[in-house]
Each structure stands twice: as structure tokens, then as C-alpha cells.
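Coordinate analysis (summary)
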Amino acid sequence: MKRQANTIEPIKSLSTAFGFGMIKAFLAPKYISLKVEWRNQMKCSGSRMELTLTQPDDWHLHLRDGDLLQAVVPHSATHFGRAIVMPNLKSPITTTVAALNYRELILKALPSNSYFNPLMTLYLTDTTSPDEIKLARKSGAIFAVKLYPFGATTNSQNGVTDLFGKCLPVLVEMYIEEMDIKSKKPLFYQCLVLLLHLSFKIRSSEGSDTIFSGQSLSGNQTITSAGGDFKLGFFTPGKSRNYHVGIWYAKLPDQTVVWVANRQQPVSNLTSSALKLLENGNLVLLNQSKAIMWSTGSKSVAPNSTVTMLLDSGNLVIRDALDSSKILWQSFDYPTDHWLPGGKLGYNNLTKEKQKISPWRSSQNPAPALFSLEVEQDGTSHLLLWNESERYWTSGEWTGKVFTEVPELQLNYYVRNMTYISNENESYYTYSAAIPSAYTRFLLDVTGQLKQFVWQKSSNRWDLFWTRPPQECEVYAFCGPFSICNQDKAPLCFCPEGFETEAPGDWEMGDHTGGCTRRTPLQCDNGGTDTFLVIPNMRFPSNPESSTAKTIEECEKECSTNCSCNAFAYDSGCSIWKGDVFNLQQLPSDDKAGREFHIRISASDLRGNGVKETRGRRNSEQLDDEMDIYFPFRVANIIDKGEDVVQLLDDRLDGNTNIEELNKACRVACWCIQENEKDRPSMGQVVQLLEGLSEVGAPPIPRFLLGLSENPDEAIRFQETSSSSTLTGSN
């Protein structure tokens, strides 16, 4: 049968199994015809199968040189398509260069119309190095190593004297590179495979890049990519006591984690937990009870046919052990908070899943937060989203070279080949590192900002190269519901009066997702009365509802009579907000864009015990109207004269308050604004006075208040510089 040129393909790897594994590796269906015939006879106890091999492989071909080479090669090529060449020469083939040169001699000895393919081997010696094995594997022409024990047969004077000692590093490298070792003794071969499995368990803690079928990582064991750039293993985020499986840079002094397997399913016992590649090709994380906490969900065609490898790109892959191009699963399809060079952001058309990144909840919790960086399904742009609904940044459309809203990307010295790839399976963006030796990474930070970092060897640190949005307060819901973000303060997020943090522990770790909650529930639904806290210099939140109210009073009334209304604002028109209010941002006092914002709270929480709110206006601003409406003066004057304090109440309370508590609060307030520091109570004394543990005496009218009618401006300046408090009832 005449062979066709396009039917001869070199095998990519040799099986490390014996027997039928060899048949699977060598008998390629493209050029080997199998005639299979089953004959079942009802009265017979057996079955018959016929196999017709039209062009088999020679698994063990001895070749020499000179005339013998010229004679044997054409004969073998007549009957075989390929052969494992086992040179029997006085000067053994011990290097890749020598093997390739000898292969050229074989090819020259072939008939002109022959497509015979010689599969080369190396002669194993005590001095063969692991690097030589790597070089041989990369050649694409060398597939096995020939083992001759010293003095065992012809031309074995250079054979091995210490297989499990001097040659052990080579054997392990062969196992990793999936190269075969030729031996005539099956029992010896099986023992060797067992030895290599045991050897891997030792090497896995020292940084091999592979987890083989049935093997696992636990404790402090890691695997390291071939070039030493990345590690995979267990780690503890921050001060947490939980353990996660992750990938981090191997060569940097500080651990920078770029991918996490079990983001939401940590394990608590390091020594009893294990990351294991099952025989069916599924990579699983087992806890101390051997329950599966996380898995890739991958499945191989045949048992024990896959390996897990960590590549120098930081990509963790599960692939066919015999064919590196057959990827069952890869971490680049499931990014966490990082987009690395070669990684993907886009959409899987087969599974209908987004390839997106989402930040950690905090530095100690890698669970995904509500922010995400995604790609428009039509591939036009990148979007930063909150809760997959609110867009707070866009890259602009992709022009084929650059995003319209990120023109500086074209001047980015650390990124090249930004590319959009679309086919029937997936659509995604990817990029390359312009300087391979300079680490660069895109991170969606816990702040919700997309950042690009570059590692600077000179300073031994990550430098921030690029950030979008530029400020945290521009990130939607950065501080959570009912929380205010102020870019000029530290910390950035704080709760308005009448509110408290929903989850204080999370706030301490930088996670503001829970935002703020009211100290006292609203009374509207129960027929009670609520009021509004006025916050100055605010940028209005998004998603308001417009109202037809013509004045601020009408706007306030419309919101107060609607129990679902939580806030309102009036600025050339009435706007109201229902439900949780997000994205509250306070601007600098000199920012003319700032406006008053009214947020609904319980009346009992407004400046303590119901003292009337002045809608955010500074007390000094009222002096231009009339002296007797200046609130601190009114309070001090009423207390001094012993008049009824009910007249100080907000009219909307309809007199509903504890008169004794109100009187006590007003007295304490007057003591707190005395000029002489010795006359002002400490905070501990204030608490005792308000709780009734001490009696509150009648306070004198502060001296600066007495002089208001003569020189009010000077008196107010004295008040503002001598005391940080106005009348609040609780200070």
C-alpha cells in the first residue's frame, strides 16, 4: 500500500504506561487501518476479533552506521511507517545534537519516495543531565531514552552504573517531560514508574510544576512554574485564620496572589486538607473530612490520562498527559481579581458564562465583592459595574488599537498586542507583556477601581501605573447604603447622624459593603412621625424620582407622607429617593456643586431628644434675621428664666417628648458651651448627667451669648474658636 505524505505525523509524546498504552500512543488512526470483525456464535463460548495493521510501527529498531545503515533502513521503511530507533554504535548517541545528526543520516538512506519517520532516542549515561532531557523534548524528534546497564550487552561500556542514584534527577525530568525509557523488562519498568511517582511526592514540596493523576498538594507543599515565575499552594490572606488555594508570584519578596480557587469555601485545617487531581481528571479541594470544597468539574476521556500544570504565564491547566494541546480546564477561563498577560476577559459562547474579574471583599477575605470588570457582549468596550447593574466607568469603544476613553493605553510601555478574539466558542480580550522580564498586572482592587501595577526591580516594589476611576468616591456604592464618602477625609466612609455601621468588623478590614443602618427604626409605617437630617455640600445620588413639588416645603411634605421615601433634595426642582440610598458623596465646602441633601431619620435621633433642626444652616447665619431666633441664645435664655422647654421642640413632633429628658439635655448643652474649660463637663460626666446618675444644676448664660445683642459677629467667632460644639443635646 502506497503511503501518502499527509498521513505521516510525528507523535507528540510517548506513554509512560506499558503495553496497551504504547499501542494507543503509536498506532495513529490516520495511517493505520483497523479491520475489526466480531463473530458471536450462540453455541460457542468465545468470540473472535481480527485486526489488520496496514502499516505498523517498529517499536525497537537497532541501527548502526555505514553499509549496515544503508541496507537496513530501506528494508524497514518498506514495512513500517515509523520506528523507535535504538542506535547500537560504538560511540553512543548521548546528546540531542548527536541524535539529530544521526537522524539526518537515516533520512538520507531512505528511498526517494519514502515517508518513513525515525523516532529518535538518547543513550542514558551516569552523566546525562536533566537539561539535556528538556532540550531533547523540545527538539520534536527525540521521544525516549535507551537504558543499557553497564556491561550488560554489546556496546554497553558507557551504560548506567547507578540508575537510582546518579540518574534519578534525569528519570524524574523524563517523567515530567513525558519521555519514555526503553527496557526489555516489564517488571523493571513498572518499578521505575512507581519510583518516579514516589520521587514526585518529594519534588512537589520543592517546586515541580506538575500534579499527576492521583496525586495531591497539602500543607506547605507547592508547585512552581518551569521558569520559576509563579507558585501554586495554600495561603492565608492577611490576618485571617482560613486557608485558600492560590497562585502568586514566586520571585517577589511579598506574596502577591493573582488567582484564588476556593474564594468562598476556605478550609481551616492546613495539614488535613489537600488539592488532588482525581483519576477522572477533576481537580478538587478536599477538607479535613475529605468533603469536596471546590472543584474544576473537568472530566477526562480515560482514567489517569491527565496532568495539572502551572505555566509561566500564571495559568493553571488540566490537560491530556499525552497531548499538551488538549486542554480540559484552565484558570485563565475563570479569573478572579487579576487580568494577567495572556489572560481572558470576555464571554464563553458555549457555557454562556462571563469571563470577568471581581475584587476581594477585603484584604483578609478573597470572596468576590459586588464590583466587576466585564466586557460588553458585543465586544465593544470594558465596563466597571456594581452588582452587575450600575455602570460607573467605561473604557469606551474598541477601535482595533485602543479604547476611546483610554487613549493612554496606546502609550502604555508595559502592554502590547491588546487584541479582541471572537469565534464560535468564545469572545474575549487578551494582551501581552511588552517587557517579559517586567511583571505587569491589572487588578480590580477592593476599592472597586481598576488598577495597573508594574514591578520595579530597582525599588523592589509594585508601582501604580494607571487607575480608573481616579478616586474611590467615584466608585458606585463604595461606602455602601446610607454611608457618606468624603475624598478629603480619612477614613473616606462615615455614617451620618442617626446611623451606625451595619458590620463594624467588616469596616475595620476595609469592606464597606454593608454601609450604614439607622440607630432607631423609622416610625412612618407605625403612624409615627419621622424627620429629616440636612447634610450640606452633597453631590446628589443617582436614580432619583422627579416630583412636581414647587417649593422645598412641598417637596419635604411629599417625601414625609410617603413611607417608602428615604431622602429628598430641592434644587430648581424636587427629587426624591426611595429604598436604600447609595453613592452619597460630600464635596469640599468651597465646591459650588455641593447642595443640601435631606435624609430621613427617626425624630428621636435628630440632634438628641428632639431638639429642633435648622435644616443644615449654621446658627450664625440666622443672626441676620432676628436675635431671638438664634437657637443657642433661645435655649440658654429659656433655661435661665425657667420657662417651658416644650417651645424648643420641632413643630412636627406635636409636643410628643419626655419633658424631663428634654430639660436635662438642654441644661447639659448649656454647660458644654461655657467659655471656661473648667466649667465644661467631661464626656464621662455628660453621660452620667444624661443617664440621671448626677443632678444637673442650673447653668449660667455663657458670656459670649450675653454680648450677642451688642456685637453678635464677634460673639459667634468667639464661640466657634472656643468650642467645637453647637447645641446638640448630647455633647
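Residues numbered from 1 in each chain as written. Predicted model: local features only at pLDDT ≥ 70, side-chain atom pairs only at ≥ 80, totals over all residues. Heavy atoms only, no water.

What follows deals with the overall build of the chain. Assigned secondary structure in the chain consists of 13 helices and 42 strands. When the 731 residues of the chain are sorted by exposure, 48% land in the buried category. Contacts spanning at least 24 positions in sequence make up 54% of the contacts within the chain whose residues lie at least 6 apart. Only carbon and sulfur atoms are counted for the fraction: they give 49% of the accessible area of the chain, which is about 36,200 Å². (Helix = DSSP H or I, 4+ residues; strand = E, 2+ residues; numbered from the N terminus. Buried < 20%, exposed > 50% of the residue type's maximum accessible area, 1.4 Å probe, protein only. Contact = heavy atoms within 4.5 Å. Areas by Shrake-Rupley, 256 points an atom, 1.4 Å probe, with all protein chains shown as cover.)

Right, let's get into the pairing of strand E16 (residues 292-295). Here strand E15 (residues 283-286) pairs with E16 via 3 bridges, running antiparallel. Across the sheet, the residue bridging to Leu-285 is Trp-294, located in E16. Hairpin connection, E15 to E16: the antiparallel pair is bridged by 5 residues, and Lys-290 has positive phi, about 65°. (Pairing = 2+ DSSP bridges.)

Quick look at the state of the cysteines now. Following the criterion strictly, the structure yields 6 disulfides and no others. Sulfur-sulfur distance for the disulfide between Cys-555 and Cys-574 comes to 2.0 Å. Linking Cys-555 and Cys-574, the disulfide has an S-S dihedral of approximately 75° and is accordingly described as right-handed. With Cys-555 in helix H8 (residues 552-560) and Cys-574 in strand E40 (residues 574-578), the pair connects residues that are 19 residues apart, well separated along the chain. (Disulfide = S-S within 2.5 Å.)

Bringing the packing of aromatic side chains into the picture now. Throughout the structure, instances matching the rule amount to 29 aromatic pairs. With a centroid separation of 4.8 Å and an interplanar angle of 50°, the aromatic rings of Trp-398 and Phe-403 are classed as tilted. Under the relative-accessibility criterion, Trp-398 is labelled buried at 18%. Overall, Phe-403 belongs to the buried group, its relative accessible area being 4%. Centroid distance Phe-442 to Trp-466: 6.1 Å. Interplanar angle 85°. Geometry classified as edge-to-face. Taken together, the positions of Phe-442 in strand E30 (residues 440-444) and Trp-466 in strand E32 (residues 461-468) put the pair 24 residues apart, joining distant regions of the chain. Of the two residues, Phe-442 and Trp-466, both sit in the buried class. (Phe/Tyr/Trp six-rings, centres within 6.5 Å; stacked < 30°, edge-to-face > 60°.)

Through backbone hydrogen bonds, the strands of a sheet pair up, either in parallel or in antiparallel fashion. Strands sit in the order E34-E33-E41-E37-E42-E39-E40-E38 across an open sheet of 8 strands; the sheet is mixed. Bordering the open sheet on either side are strand E34 (493-494) and strand E38 (545-547), each of which pairs with just one other strand. Of the pairings in the sheet, the one linking strand E37 (residues 530-539) to strand E42 (residues 595-602) comprises 7 bridges and is antiparallel in character. Opposite Ile-535, over in E42, you have Phe-597 as the bridge partner. The strands touched by H8 within the sheet are E37, E38, strand E39 (565-570), E40 and E42, with E39 carrying the most contacts at an inclination of about 170°. (Axes fitted to C-alpha atoms, helices over the stretch in contact; angles between N-to-C directions.)

What follows is about helix H3 (residues 96-108). Compared with an ideal rise of 1.5 Å per residue, which puts 13 residues at 18 Å, H3 spans 19 Å between its outermost C-alpha atoms and is within 8% of the ideal. Within H3 the residues assigned to the buried category are Thr-96, Ala-99, Tyr-102, Arg-103 and Ile-106. Buried residues along H3 cover an arc of 125° about the axis, so they all sit on one side. Exposed side chains of H3 directed beyond 90 degrees from the buried face belong to Val-97 and Lys-108. Residues of H3 that are buried sit in contact with strand E3 (57-63), helix H2 (66-79), strand E4 (82-87), strand E5 (117-123), helix H4 (130-139) and strand E6 (142-146). (Expected span 1.5 Å × (residues − 1). Arc of directions from axis to C-beta.)

Enumeration over the complete set of coordinates arrives at 14 salt bridges. Lys-354 is the partner of Glu-374 in a salt bridge, and the nearest nitrogen-oxygen pair spans 2.9 Å. Of the two residues, Glu-374 is situated in strand E25 (residues 371-375) and Lys-354 in strand E22 (residues 353-355); the sequence distance between them amounts to 20 residues. Residue classification places Glu-374 among the buried residues on the basis of a relative accessible area of 6%. Note that Asp-445 is salt-bridged to Lys-451, the shortest N-O span being 2.8 Å. Residue Asp-445 shares its accessibility class with Lys-451, and that shared class is buried. Connected via shared salt-bridge partners are Lys-354, Lys-356, Glu-374 and Glu-388. (Salt bridge = Lys/Arg side-chain N within 4 Å of Asp/Glu carboxyl O.)

On to the nonpolar core. By size, the foremost hydrophobic cluster in this structure holds 51 residues, and its most contacted members are Trp-339, Leu-373, Tyr-392, Trp-393, Leu-450, Phe-597 and Ile-599. Two domains each provide a minimum of three residues to this core, namely domain 3 (351-470) and domain 4 (491-602). Counting residues in hydrophobic clusters, the runner-up holds 31 residues, among them Phe-234, Trp-259, Leu-316 and Ile-318. (Core = buried A, V, L, I, M, F, W, Y, C linked by side-chain atoms within 4.5 Å. Domains from an automatic or database assignment.)

Attention now goes to unusual backbone geometry. Most peptide bonds take the trans form, and the phi angle of most residues other than glycine is negative. Residues Arg-468 and Pro-469 are joined by a peptide bond in cis, for which omega reads -15°. Tracing the backbone through its elements, the reader meets Pro-469 in the loop between E32 and strand E33 (484-485). Phi angles above zero are rare outside glycine, and Asn-543 is one such case at about 60°. Locating Asn-543 in the fold gives a position in the loop between E37 and E38. The exposure class assigned to Asn-543 is partly exposed, which follows from its relative accessible area of 49%. The backbone phi angle of Ser-572 is positive, close to 60°, even though this residue is not glycine.

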